[in-house]
Each structure stands twice: as C-alpha cells, then as structure tokens.
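# Structural description and commentary
So the chains spell out like this:
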Amino acid sequence: MENQPILATDRLLLRSFALADAFTVQQLAGDYAVAATTLLPHPYPDGLAELWIASLREGIERGDTAAFAITLAGEGRLIGGVRLRIDCGHRRAELGFWVARSCWGRGYATEAVRAMIEYGFSALGLHRVYAMHFSRNPASGRVMEKCGMVHEGRFREHIRKWGVFEDADIWGILREGGAFP
Ligand SMILES: CC(C)(COP(=O)(O)OP(=O)(O)OC[C@H]1O[C@@H](n2cnc3c(N)ncnc32)[C@H](O)[C@@H]1OP(=O)(O)O)[C@@H](O)C(=O)NCCC(=O)NCCS
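About the cut-offs
Residues numbered from 1 in each chain as written. Predicted model: local features only at pLDDT ≥ 70, side-chain atom pairs only at ≥ 80, totals over all residues. Heavy atoms only, no water. Helix = DSSP H or I, 4+ residues; strand = E, 2+ residues; numbered from the N terminus. Rg over C-alpha atoms; globule rule 2.2 N^0.38 Å. Buried < 20%, exposed > 50% of the residue type's maximum accessible area, 1.4 Å probe, protein only. Areas by Shrake-Rupley, 256 points an atom, 1.4 Å probe, with all protein chains shown as cover. Lys, Arg positive; Asp, Glu negative; His and termini not counted. Charge placed at Lys NZ, Arg CZ, Asp CG, Glu CD. Pairing = 2+ DSSP bridges. 1 Å grid on protein atoms, 1.4 Å probe; cavity = no way out; pocket = protein on both sides within 12 Å on 5 of 7 lines; lining within 4 Å. Points joined across faces, edges and corners; volume = space filled by probe spheres on them. Nonpolar A, V, L, I, M, F, W, Y, C, P; charged D, E, K, R; others polar. Expected span 1.5 Å × (residues − 1). Near = heavy atom within 4 Å. Polar contact = N/O pair within 3.5 Å; in protein donor to acceptor, adjacent residues only side chain to side chain. Sits in = over half its atoms within 2 Å of the grid points.

## As for the overall build of the protein chain
Across its full length, the protein chain holds five helices and eight strands. Helices and strands in the protein chain line up, N terminus first, as β-β-α-α-α-β-β-β-α-β-α-β-β. The C-alpha radius of gyration computed for the protein chain amounts to 16 Å, which stays within 12% of the reference 16 Å derived for 181 residues, consistent with globular compactness. By principal-axis analysis of the C-alpha atoms, the protein chain measures approximately 40 × 40 × 30 Å. Buried residues in the protein chain amount to 46% of all 181 residues. Entry remark: accessible area of the protein chain is about 9500 Å², with carbon and sulfur atoms responsible for 52%. With 21 positive and 21 negative side-chain charges, the protein chain shows a spacing of 3 Å between the two charge centroids.

## Remarks on the pairing of strand 8 (residues 164-174)
In this sheet, strand 8 lies alongside strand 6 (residues 128-134) in antiparallel orientation, the contact comprising seven bridges. In the sheet register, Tyr130 faces strand 8, and the bridge partner there is Gly172. Note: strand 7 (residues 150-161) against strand 8, eight bridges, orientation antiparallel. Residue pairing across strands places Arg160 opposite Phe165, the latter belonging to strand 8. Connecting the antiparallel pair strand 7 and strand 8 is a turn made up of two residues, with Trp162 showing a positive phi of about 50°.

## As for the layout of surface pockets
Put simply, the largest pocket is a space of about 1200 Å³. Surrounding the largest pocket, 41 residues form its lining, Thr37, Thr38, Gly96, Phe97 and Trp98 being those nearest its centre. Of the residues in the lining of the largest pocket, the class split is 24 nonpolar, 11 polar and six charged.

## With respect to the environment of Leu124
Relative to the helices and strands, Leu124 resides in the loop between helix 4 (108-122) and strand 6. Residue class for Leu124 comes out partly exposed when judged on its relative accessible area of 33%. Sequence-wise, Leu124 and Asp64 are 60 residues apart; in three dimensions their C-alpha atoms are separated by 10 Å.

## Section: helix 4
Over its 15 residues, helix 4 runs 21 Å from end to end, which matches the ideal 21 Å to within 8%, given 1.5 Å per residue. Summarising burial for helix 4: 12 of the 15 residues are buried, a large majority. When we look at burial in helix 4, the residues that qualify are Tyr108, Ala109, Thr110, Glu111, Ala112, Val113, Ala115, Met116, Ile117, Tyr119, Gly120 and Phe121.

## As for the site of the ligand
Taken together, the neighbourhood of the ligand is formed by 22 residues, with Val99, Gly105, Gly107, Thr110 and Lys146 sitting nearest. Residue Thr37 places a side-chain N or O atom 2.7 Å away from an oxygen atom belonging to the ligand. At 2.6 Å from an oxygen atom of the ligand is found a side-chain nitrogen or oxygen belonging to Lys146. More than half of the atoms belonging to the ligand lie within 2 Å of the grid points that define the largest pocket. The set of elements that each furnish at least two residues to the shell around the ligand consists of strand 5 (92-99), helix 4, strand 6 and helix 5 (138-146). The leading source of residues in the shell around the ligand is helix 5, at six residues.

See the structure below:
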C-alpha cells in the first residue's frame, strides 16, 4: 500500500499517479517535444504508460522512488510528472521531471520541482538531490537553478539519444546547502 501524501503548492497539487492517468500520460509524454529532451521513446507505444505507472507504484512501495503527477489545483488537470530515484544507502536521489508542451513557460516545473526537493529533504530525509539534463536543453537547467540547485559539471557525450552521443549537465542541491529558495 503506497503512502505518499498530496503536496500542495500555490497553483498545483502533486498527487500519486493512478492507472487511470495512463491515457493522458501517453498523450502528453508522447509529444515529440517532451521525448526529444528525455529518454522517452517516440512514438510513445501503447501500454508503456500503464507499465510506467505500475513501476512507479512498485518503487514507492520498495522505498526507492517518490513520484507525483503534477496537476492544476482547482481543475485537477494532469500536466506533468516529477520523480525521485532514491539511493537509500547514500541518502541521495536523482530528480526527473516533465511538463506538457502546452503548459511550458508558466513556472509550473519550477513550482513542482521545489516542492519535490523540499519533500525529499523533509519527509524522506535525503542528504542530496541531483539531476541531469541534455546540455542543449537550457530550460531544464534554468528550472534547476531557480530551485537552488548548483551546476556541478558537464558530462561529455554521456547519453546516447536516438543514436547520437550527447553532452549532459549535472546539478545538485545538499540538505545543508544553504537557504532553501
Ligand atoms: C524543461 C521543462 C520541464 C520546463 O518546464 P516549464 O514549466 O516551462 O519550466 P518553468 O516555466 O518553471 O521555467 C522554465 C525556465 O526556463 C527558461 N527557458 C525556456 N527556454 C529557455 C532557453 N531556450 N534557454 C534558456 N532558458 C530558457 C524560461 O524562461 C524559464 O526561466 P525564467 O523563469 O527565468 O524565465 C519543460 O520544458 C519540459 O517538460 N521539457 C521536456 C522534458 C524535459 O526536458 N524535462 C527535463 C528533463 S531533465
């Protein structure tokens, strides 16, 4: 039985994914613009969203995952996802996130990521949260920067995406890393 809370921010409610979200996830994460800067496949195959949501739930139960659907407070529409892959031994987690193309540029990713980092430190007892993005995807780095993460470096040709070796930037934030924005 999973036991994640609902996280409320000014404009968003972050809640656990349900299998009923699979169709919407396929539609939104199936957008080429979202697939192009993540490790998602394109086109997004039938059935993958169901498997992904089930795997998140298993991870939450094992204690190595925290994952929330990003929804608009009020109307409840699902607009994205945010996840931590937790390494308990090191009390660190890798952060990942995406927002539907139609909702970019309104600060939603920043709002959701801030809440997730805070949850990671306060509720999960993490010491460090880090994230990577394609170097050609500065919007993602900007979200991390706005959330108080520090740019730690660039891994050259670290990721093979659709047959091309691509540079990746890594950002991190420590629990005691200073004032939380
Ligand atoms: C990256 C992503 C999550 C950003 O979501 P968002 O809700 O638009 O993010 P926000 O509105 O909170 O912040 C985006 C910031 O990037 C900036 N930005 C956008 N495009 C940019 C660009 N080409 N270069 C530099 N900054 C850029 C915006 O101006 C904004 O910063 P500001 O508030 O200082 O103006 C979204 O584009 C997305 O889901 N992309 C596809 C999946 C992905 O890349 N996920 C991250 C994988 S690590």
